[in-house]
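Coordinate inspection notes
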2 protein chains.
Amino acid sequence: MNFSISTSVFATAVGMTDRAINASSPQPSLRGIKIQAVNDSLILTGSNADISIMKTLHSDEENNLTIVEEGTILIESKYLLDIVRKMDSSIMTIEVIDGALTRFSGDRAVFKINGLNALDYPTIDFSKPGDTVTMPCSMLKDIIEQTTFATALKETRPVLTGVNFRLDDHILRCTGTDSYRLAKKTFPFNVDGSFNVTIPSRTLNDVKATMLDQGEEVIEISLSDKKAQFNIEDMVLQTRLLDGTFPDVDRLIPSSFDYVLSINRNELIRSIDRTTFIRSDNMSINRLQCSENEVILTSKSQEIGESRENLDCTFNGNDLDISFSGNYVIDAARALRGENITVNFSGDMRPFVLKDEDDESVIQLVLPLRTYN
Amino acid sequence: MNFSISTSVFATAVGMTDRAINASSPQPSLRGIKIQAVNDSLILTGSNADISIMKTLHSDEENNLTIVEEGTILIESKYLLDIVRKMDSSIMTIEVIDGALTRFSGDRAVFKINGLNALDYPTIDFSKPGDTVTMPCSMLKDIIEQTTFATALKETRPVLTGVNFRLDDHILRCTGTDSYRLAKKTFPFNVDGSFNVTIPSRTLNDVKATMLDQGEEVIEISLSDKKAQFNIEDMVLQTRLLDGTFPDVDRLIPSSFDYVLSINRNELIRSIDRTTFIRSDNMSINRLQCSENEVILTSKSQEIGESRENLDCTFNGNDLDISFSGNYVIDAARALRGENITVNFSGDMRPFVLKDEDDESVIQLVLPLRTYN
């Protein structure tokens, strides 16, 4: 194999492919990126068995790809990343010189790396697993930004580490929850049929980082009951789906609210941030005491002291005294977009809901905390 | 106690004083910053027993300090830092409301913190420990930037964790070494007398961060055989000195060189950085093969591969083949300032010296490594 390519284009492609790679994979070949030079194209493949990425570069004026000799190599991704970062020229040449020994050369810099055995690399099936829907990239980006943060980090209930996508009657519902809070985006989606799949949050963030800002308008999503595959021009990313039944969360969401607080979104974030300097176990507990005259946000610790702030907002309803995790409310408010939001309560021990005043599609639900003030 | 002050001025003063504080000090009172309001001044004191800082703010138009009632409080530094960072107003008010309970208030935000018992705070002697010399702040800054990086991090030989300052015959010699490399700055210093003290690198970096960019021209340094004290307008920082005899390093520095490599300083740094992507134990080993025709820099690992680069430089001397830690040479080159430097060798197993072509005051010495290529 022997080809030359724009160093920056190659570096970007390697960086994208590397997102699928686990550098300490027990299977050495999966620590590598497979690079194939075929005809006038370069195909980069990376995988960690759960997620696989295939990135294709066709020779053009921007990437300056010139293939002198076809072939396939497998290079450990961490060295490849280091080499493309350190290369001293705008065009680099990559050549297999002896077996798996591969030379990367620039102006003065020359790197020789012992490649891995490309024959050990698993065969990855990149065929479309099932029905395909298309979606604007901007729509998928919104879904990811507004739901993944609420999914669980711990693997105790694996299905909660992903976002559930459910299509029924031309309505798409995207839900993430860690069982203490819930983010849900619901909107009309003009596709026939139905599906109900849970895609790992990590994959969705990989999709966002590598596929949604590439200048493409739309992304294709193909789904089976085992696999989801995302496709844009020149790039495929696929993942296994999460097993298990996603909990029926709709019944958790209160349908009517007796207390409504209206506030500037940034003001709420800043106020909670100010009053949450007291942390125990890295979690901050805030208390909100609302009446029609004033709304007071406090945080308290017997040992350290307390913080207190009079919120600039309007409140409708009877007196309410409720406690919650400040971080969860900040996350929820950040995931909304508008200038003004409402926080809707139906009781001091009932989940409450943050909504954007100008965008009905998203709700952010947070469970209150029981405290003994 | 009751006073108000510019939040940003107070935040800066707290940040500076905090540098002396060990947040997990076994002595609780030393986790605090002592704040005294006396006459029209505020005095902040922080200490970790080794290093002590006293910062004074006199009422002026910039700091807007207004003292309503004199007094002394002791507040845990980490909470104080959080409060000044989160305060929502440009002027804040600090008031003792009940015993040690202290209220910090801004526009809407109010913080109440349980202070520590100020009577528990140790008495710190800030009198000048001995003779005083003055030095331009810029000179001390150069010394610190060009020597501290070469001192030891490990405490196995405590005296090597500091920079040795030795005055003799109107020559000041400042030396840092971790026994694998050495940085030395020597220059005429028009002060009578002599001293030989070793000041902890950590202290010197604290002095640099808090005292040398405050708009003062000169800094006072007072020395005894136990203590060094640094003084600028409104601020005092003092430290214990390191015990033990600083090694006689002058005999390590070769007096003549048989091989001289002249190179652009940034080019050397970039070339080593490129070739040192192969690391074992977080240390990179580089090999330099010099002849009058070409100078080749390589780095090699049996398992991974190698990198190789033809240096753009001039070399005078017989052929030379020498290995060294790339990081040490990068550190040394960074501590020089000029565009072009020389690397001076006297043999493949002798220490070599980096010098600025335009600045005789600094030498950077690095020991070679023995390898089995």
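Residues numbered from 1 in each chain as written. Chains lettered and ligands numbered in written order. Predicted model: local features only at pLDDT ≥ 70, side-chain atom pairs only at ≥ 80, totals over all residues. Heavy atoms only, no water.

On to the overall build of chain A, then. The number of helices and strands found in chain A is six helices and 26 strands. Across the 373 residues that make up chain A, the buried fraction comes to 53%. For chain A, long-range pairs separated by at least 24 residues make up 66% of all intrachain contacts whose partners lie at least 6 apart in sequence. Looking at chain A as shown, the accessible area adds up to about 17000 Å², and 43% of this sits on carbon and sulfur atoms. Of the side chains in chain A, 37 bear a positive and 55 a negative charge, and the two mean positions are spaced by 6 Å. (Helix = DSSP H or I, 4+ residues; strand = E, 2+ residues; numbered from the N terminus. Buried < 20%, exposed > 50% of the residue type's maximum accessible area, 1.4 Å probe, protein only. Contact = heavy atoms within 4.5 Å. Areas by Shrake-Rupley, 256 points an atom, 1.4 Å probe, with all protein chains shown as cover. Lys, Arg positive; Asp, Glu negative; His and termini not counted. Charge placed at Lys NZ, Arg CZ, Asp CG, Glu CD.)

Take the pattern of salt bridges next. If the charged atoms of two oppositely charged side chains come close together, the side chains can form a pair. All told, the structure shown has 46 salt bridges over all chains when counted by the stated rule. For B:Arg108, the salt bridge identified is with A:Asp312, shortest N-O distance 4.0 Å. Of the two residues, B:Arg108 is situated in the loop between strand S8 (101-105) and strand S9 (109-114) and A:Asp312 in the loop between strand S21 (305-310) and strand S22 (314-316); the pairing between them involves two chains. On the accessibility criterion, A:Asp312 (47% relative accessible area) is partly exposed. (Salt bridge = Lys/Arg side-chain N within 4 Å of Asp/Glu carboxyl O.)

Another point: the environment of B:Gly244. Locating B:Gly244 in the fold gives a position in the loop between strand S17 (235-240) and strand S18 (259-264). For the pair formed by B:Gly244 and B:Glu70, sequence separation is 174 residues and the distance between their alpha carbons is 44 Å.

With that settled, consider the sheet that holds strand S6 (residues 71-76) of chain A. In a beta sheet, neighbouring strands pair by backbone hydrogen bonds and run either parallel or antiparallel. All names here are of chain A. In spatial order, the strands read S6-S2-S3-S4-S17-S16-S15-S10; together these eight strands make up an open sheet with antiparallel pairing. Looking at which strands have only one partner, the edges of the open sheet turn out to be S6 and strand S10 (131-136). Averaged over neighbouring strand pairs, the angle between their axes works out to 15° when direction is ignored. Contacts between helix H3 (residues 137-147) and the sheet are confined to S10, strand S15 (218-223) and strand S16 (227-232), with S10 contributing the most and set at about 90° to the helix. Across the sheet, helix H4 (residues 201-211) lies against strand S4 (51-58), S15, S16 and strand S17 (235-240), angled at about 175° from S17, the strand it touches most. (Pairing = 2+ DSSP bridges. Axes fitted to C-alpha atoms, helices over the stretch in contact; angles between N-to-C directions.)

What follows covers the packing of aromatic side chains. Describing an aromatic ring pair means giving the distance of the ring centres and the angle of the ring planes. Residues and elements named next belong to chain A. By the definition in use, this model includes ten aromatic pairs over all chains. Cluster of aromatic residues (ring-pair linked, three or more members): Phe324, Phe345 and Phe352. Geometry around Tyr328 places Arg181 over its ring, the cationic atom sitting 4.0 Å from the centre. (Phe/Tyr/Trp six-rings, centres within 6.5 Å; stacked < 30°, edge-to-face > 60°. Lys NZ or Arg CZ within 6 Å of the ring centre and 35° of its normal.)

Moving on, we get to the sheet that holds strand S1 (residues 2-6) of chain A. Read from one edge of the open sheet, nine strands run S5(A)-S1(A)-S7(A)-S8(A)-S9(A)-S21(B)-S20(B)-S19(B)-S23(B), paired in antiparallel fashion. Edge positions in the sheet fall to strand S5 (66-69) of chain A together with strand S23 (320-325) of chain B, since each of these pairs with one other strand and no more. With direction set aside, neighbouring strand axes in the sheet form an average angle of 20°. Pairing geometry for strand S20 (residues 295-301) of chain B and strand S21 (residues 305-310) of chain B, over six bridges, is antiparallel. Paired with B:Ser301 across the bridge in S21(B) is B:Gly305. Its contacts with the sheet place helix H2 (residues 77-86) of chain A against strand S7 (91-98), strand S8 (101-105) and strand S9 (109-114) of chain A, and it is angled at close to 175° to S9(A).

A word on the relation of the copies chain B and chain A. If you rotate chain B by 180° and push it 0.0 Å along the axis, it lands on chain A with an RMSD of 0.0 Å. Each copy turns onto its partner about a two-fold axis. Here 100% of the contact residues of chain B are again contact residues in chain A; the copies associate through an equivalent surface. (Least-squares fit on C-alpha atoms with pLDDT ≥ 70 in both.)

Next up on the list: the interface of chain B and chain A. Opposite the 27 residues of chain B that make contact, chain A presents 28 residues. Approximately 2600 Å² of surface area, both sides summed, lies buried where chain B meets chain A, with 52% of it carried by carbon and sulfur atoms. Ranking the residues of chain B by area buried against chain A places B:Lys86, B:Arg108 and B:Phe277 at the top, with a combined share of 27%. The interface formed by chain B and chain A contains six salt bridges. B:Lys86 is paired through a salt bridge with A:Asp273; the nearest N and O atoms lie 3.4 Å apart. Applying the counting rule to chain B against chain A returns 14 residue pairs in polar contact (both at pLDDT 80 or more). Classifying every residue of the side of chain B that touches chain A by side-chain character gives nine nonpolar, six polar and twelve charged. Here S21(A) pairs with S9(B) via five bridges, running antiparallel. The residue of S9(B) that forms the bridge with A:Glu309 is B:Ala109. (Buried area = accessible area lost by both parts, 1.4 Å probe. Polar contact = N/O pair within 3.5 Å; in protein donor to acceptor, adjacent residues only side chain to side chain. Nonpolar A, V, L, I, M, F, W, Y, C, P; charged D, E, K, R; others polar.)

Let us now look at helix H1 (residues 7-18) of chain A. With twelve residues, H1(A) should reach 16 Å at 1.5 Å per residue; the first-to-last C-alpha distance of 16 Å fits that figure. Here H1(A) has its buried residues at A:Thr7, A:Val9, A:Phe10, A:Ala13, A:Val14, A:Met16 and A:Thr17. (Expected span 1.5 Å × (residues − 1).)

Bringing the packing of helix H3 (residues 137-147) of chain B against helix H4 (residues 201-211) of chain B into the picture now. Residue and element names in this part refer to chain B. Put simply, H3 and H4 touch, their axes get as near as 10 Å, and they point 140° apart. It follows from the interaxial angle that H3 and H4 lie oblique. Once H3 is placed against H4, the crossing between them reads as left-handed. In this structure, H3 contributes Cys137, Leu140, Lys141, Ile144 and Glu145 to the contact, and H4 contributes Leu204, Asn205, Val207, Lys208 and Met211. Across the contact of H3 with H4, the residue classes break down as six nonpolar, one polar and three charged. (Parallel < 35°, antiparallel > 145°, perpendicular 65-115°, else oblique. Left-handed = near helix turned anticlockwise from the far one by under 90°.)

Put simply, chain A has an average pLDDT of 94, and 98% of its residues get 70 or more. Predicted as a complex, the structure gets a pTM of 0.89 and an ipTM equal to 0.84. (pLDDT = per-residue confidence, 0-100.)

In this section: the side chain of B:Lys227. All names here are of chain B. When you line up the elements, Lys227 lands in strand S16 (residues 227-232). It turns out Lys227 is buried and unbridged, and the closest side chain with the opposite charge, Asp125, is 4.3 Å from it. Here Asp125 takes part through its backbone oxygen, which lies 3.1 Å from a polar atom of the side chain of Lys227. Residues in contact with Lys227, not counting those within four places in the same chain, are Asp125, Ser127, Pro129, Ser222, Gln238, Thr239, Arg240 and Leu241.

Turning next to unusual backbone geometry. Residue and element names in this part refer to chain A. You will see that Asn39, though not glycine, has its phi angle at about 50°, which is positive. Checked against the element boundaries, Asn39 lands in the loop between strand S2 (32-38) and strand S3 (41-47). You will see that Ser179, though not glycine, has its phi angle at about 80°, which is positive. Tracing the sequence through the fold places Ser179 in the loop between strand S12 (171-177) and strand S13 (181-188).

Take the pairing of strand S2 (residues 32-38) of chain B next. Residue and element names in this part refer to chain B. With respect to burial, S2 is a largely interior element, five of its seven residues being buried. Summarising the sheet, S2 and strand S6 (residues 71-76) pair through six bridges and their orientation is antiparallel. Residue pairing in the sheet places Ala37 in a bridge with Gly71 of S6. Where S2 lies against strand S3 (residues 41-47), five bridges are found, and the strand directions are antiparallel.

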